[in-house]
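# Per-entry structural report
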Amino acid sequence: MEVKFSEQAKGVLGISGHAGVGHVHSHSGFVQDDSAGLAAAALILKKALPVDTVITSVQASMDEGRITVHTGGGGEASASPRRGIAPFEKELLESRGVGLDAAFSQNAAVRVFGRMYGQGVSETAACFQGACALAVLDSFVKAKPDRFHVSAPAGKPGYLDKAIATVLDVDGIPMALMLLVNFTEGGIGPAEDYEGNVPWDFKESVMKAVGLDLIPTILIESKAFIPAFASELSENMLMLRAEEGTDNLELAKTLLHTAEELHIPCCLKTNAMPLAPGSLAKATASYADRLIALAEQLKFADDCMEKVQITAKLAELVSQDAGGVTFMGNTVNDQMRGAGIIPGAHAILSMIVTEDYKDRVKIPMLSDEEAEHYVAVILNGMKNYHDTL
């Protein structure tokens, strides 16, 4: 399959992949690598622009409190952890970070620090992940600046998001491709109001420039342990989601058939992402009630061990369950659901993992082989879908 830059200004089909920096845990035991979308999208782009995204150096300045990542392709990006950088964090970053592929940003952060959490719990790891992801975007743009539309939030304190978009020819079919990083200052995210294919705010200009606001699009999402689906799994597999009557079910079915032809394990869920206005607001209130209940227990606790146990429960709620409510605003979620998918012509490709896998690795990380599976299903599937139009 030939993939190159297109001479067309806009695509007829779309692909969008993001990294939700720090969005590792969610409610009810949900654990994920929310940078899988960016990794797969970067692999697609490398077929047209083979840029080196391997980390060549990491500079961790304790005086400035800043982590800077450099890639072999000349990409560079920095991030500053909220509580600074400790001496042994500096040692880990500068020694273990070199040689890792920044395109697999959560993989890189976990390999350096062992594990990571969002919500400001592991902000040094989150900032390293964010710097990796942004350095990947910088690598591509520096290699061919005239081929990319680039945008980032302006006048929005705390948001370090960035989007780049271009149009590729996949066997002669113009496909718009967007790579997106959702990242917060200090590494305290996740904050992903701008994920997915929603054409608003700073993303609007780059999406409209390549046609992503109007065309059928596959959103590349996370590699995740989802308790509701895990019991039916005997192996890790790709998962397509398209809500019946809401999303592009034909696109999802075509990609499913393509995966079957490629002998890549895959399933389709047609009732996993309903439009449910008010659901995130209710979840946020419920989460807050749990915090309040524990805080009330702590307020009247006298015994030392009781205080420790209550605080440990609070830490678990903040480091894990909070990710399921902090990642997105309630009103935004009412419009586009958790993956940033506007009702209409689109579908989602992600990956689900077994409980055994989650129990063993603790924090999921996308592998090279899994990323190749994403890419094979997307490129062949989108071509097959185009043939039906």
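The structure contained in this document is the topic of the report that follows.

How each quantity is defined
- Residues numbered from 1 in each chain as written.
- Predicted model: local features only at pLDDT ≥ 70, side-chain atom pairs only at ≥ 80, totals over all residues.
- Heavy atoms only, no water.
- Buried < 20%, exposed > 50% of the residue type's maximum accessible area, 1.4 Å probe, protein only.
- Helix = DSSP H or I, 4+ residues; strand = E, 2+ residues; numbered from the N terminus.
- Pairing = 2+ DSSP bridges.
- Expected span 1.5 Å × (residues − 1).
- Contact = heavy atoms within 4.5 Å.
- Polar contact = N/O pair within 3.5 Å; in protein donor to acceptor, adjacent residues only side chain to side chain.
- Phe/Tyr/Trp six-rings, centres within 6.5 Å; stacked < 30°, edge-to-face > 60°.
- Lys NZ or Arg CZ within 6 Å of the ring centre and 35° of its normal.
- Salt bridge = Lys/Arg side-chain N within 4 Å of Asp/Glu carboxyl O.
- Core = buried A, V, L, I, M, F, W, Y, C linked by side-chain atoms within 4.5 Å.

Quick look at the pairing of strand β13 (residues 346–352) now. The buried fraction of β13 amounts to seven of the seven residues, a majority that puts the element mostly inside the structure. Burial along β13 is two-sided: the residues H346, I348, S350 and I352 and A347, L349 and M351 are all buried. Of the pairings in the sheet, the one linking strand β10 (residues 217–225) to β13 comprises six bridges and is parallel in character. Residue pairing across strands places T217 opposite H346, the latter belonging to β13.

Before going further, it helps to examine helix α9 (residues 304–321). If you check α9, its first and last C-alpha atoms are 25 Å apart, about what 18 residues at 1.5 Å a residue would give, namely 26 Å. Of all the positions in α9, only I310, L314, L317, S319 and D321 are classed as buried. Buried positions along α9 lie against α8 (279–299) and α10 (323–326). In this structure D303 caps α9, since a side-chain oxygen of it lies 3.0 Å from the backbone nitrogen of M305.

This next bit is on unusual backbone geometry. Cis geometry marks the peptide bond from G189 to P190, where omega comes out at 20°. Residue position: P190 is located in the loop between β9 (173–182) and α5 (202–210). Its identity as a non-glycine residue notwithstanding, Q119 has a phi of 60°, on the positive side. Residue classification places Q119 among the buried positions, given a relative accessible area of 14%.

In total, this model carries three aromatic pairs according to the counting rule given. For the pair F5 and F148, a centre-to-centre distance of 6.1 Å together with 90° between the ring planes defines the contact as edge-to-face. On the criterion of sequence distance, the pair formed by F5 in strand β1 (residues 3–5) and F148 in the loop between α4 (123–143) and β7 (149–151) is long-range, its members being 143 residues apart. We note that F5, like F148, is buried. In this structure an aromatic cluster arises from ring pairing among Y159, Y194 and F202. The ring of F229 has K269 lying over it, and the distance from NZ or CZ to the ring centre is 4.7 Å.

The next point concerns the pattern of salt bridges. The full count for this structure, using the stated rule, is 14 salt bridges. Of the charged contacts, one joins D138 and K142 as a salt bridge, the two residues approaching to 3.0 Å between their closest N and O atoms. Taken together, the residues span about one helical turn, with D138 and K142 both in helix α4 at a distance of four residues. D138 sits in the buried class, given a relative accessible area of 13%. We note a salt bridge from D247 to R337, for which the minimum N-O separation is 2.7 Å. Of this pair, D247 sits in the loop between β11 (237–241) and α7 (249–261) while R337 sits in the loop between α11 (330–336) and β13, and the two are 90 residues apart along the sequence. The exposure classification of D247 matches that of R337, with both residues buried. In this structure, a network of salt bridges that share partners links the residues R82, R83 and E123.

Taken across its eight residues, strand β2 (residues 13–20) has eight buried, putting it largely inside the fold. A two-sided burial pattern is seen for β2, the buried positions comprising L13, I15, G17 and A19 on one face and G14, S16, H18 and G20 on the other. Looking at chain direction, β2 and β9 are connected through eight bridges and run parallel. Bridging across to β9, I15 finds its partner in L177. Alignment of β2 against β10, held across four bridges, turns out to be parallel. Bridge pairing in β10 places G14 opposite T217.

Take the nonpolar core next. Membership of the largest hydrophobic core comes to 87 residues, with the highest contact counts inside it found for I15, I44, F128, F140, L179, I218 and Y374. In terms of residues, this core owes the most to one element, α4, which gives 13 residues. If we ignore the near neighbours within four places in the chain, the residues touching I218 are G14, I15, S16, L240, L251, L255, A347, I348, L349, I378 and M382. Listed in part, the 14 residues of the second largest apolar core include V198, F327, M328 and M336.

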